[in-house]
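Residue strings, one per chain:
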Amino acid sequence: MLLDYYARECVVLYRAVENDGQGGYYTEWRQGATFTNYQALNTSTEAQIAERQGMASIYGALVEQSVPLAYGDYYRDVGTNEAYRITSEPSEKQTPSSSGLSLKYYSSEKAALPL
């Protein structure tokens, strides 16, 4: 299938805040579930103009509908070790059941993990 060309193994990242033992706290990012992500850089004219104006590169991605992703979640591409933040709500763009594909679409951007 054509989608296989874009397949990337990814892992969901979860933010955990822990006590540092000295009265403060620290943030740790933990790995969660793995999933297959079909991702490509958005090369539309609008995306290119936004990128030139300082916006982050925007990626479009498809995942199985069962993958538990939501707006604002972070994930890491296992192959490149780059982190991404989801910038749209995946549950809002799902394939119809008549298509035979159980996929949902979202946009994301490369991101540094916040502390």
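Above this text sits the structure in question.
Here the structure is a predicted model, which is why all the values come from computation and not from measurement.

A.B. asks: Hey, could you go over the sheet that holds strand β2 (residues 25–41) for me, with residue numbers and the actual values?
C.D. replies: Spatially, β1-β2-β3-β6-β5-β4 is the arrangement adopted by the six strands of the closed barrel, whose pairing is antiparallel. Neighbour-to-neighbour, the strand axes of the sheet open up by a mean angle of 45°, direction not taken into account. Pairing geometry for strand β1 (residues 7–19) and β2, over twelve bridges, is antiparallel. Note that in β2 the partner of Arg8 across the bridge is Asn37.

A.B. asks: Give a detailed account of the environment of Gln31, specifying residues and quantitative values.
C.D. replies: With respect to the helices and strands, Gln31 occurs in strand β2. Classification of Gln31 by relative accessible area gives exposed; the value is 59%. Sequence spacing of Gln31 and Asp4 is 27 residues, and the spatial spacing of their C-alpha atoms is 24 Å. Residues in contact with Gln31, not counting those within four places in the same chain, are Val11, Val12 and Leu13.

A.B. asks: Please set out unusual backbone geometry residue by residue, giving values where relevant.
C.D. replies: A positive phi is found at Asn81, a non-glycine position, where the angle reads about 65°. You can see Asn81 is positioned in the loop between β4 (74–77) and β5 (83–86).

Calculation rules
- Residues numbered from 1 in each chain as written.
- Predicted model: local features only at pLDDT ≥ 70, side-chain atom pairs only at ≥ 80, totals over all residues.
- Heavy atoms only, no water.
- Pairing = 2+ DSSP bridges.
- Helix = DSSP H or I, 4+ residues; strand = E, 2+ residues; numbered from the N terminus.
- Axes fitted to C-alpha atoms, helices over the stretch in contact; angles between N-to-C directions.
- Buried < 20%, exposed > 50% of the residue type's maximum accessible area, 1.4 Å probe, protein only.
- Contact = heavy atoms within 4.5 Å.

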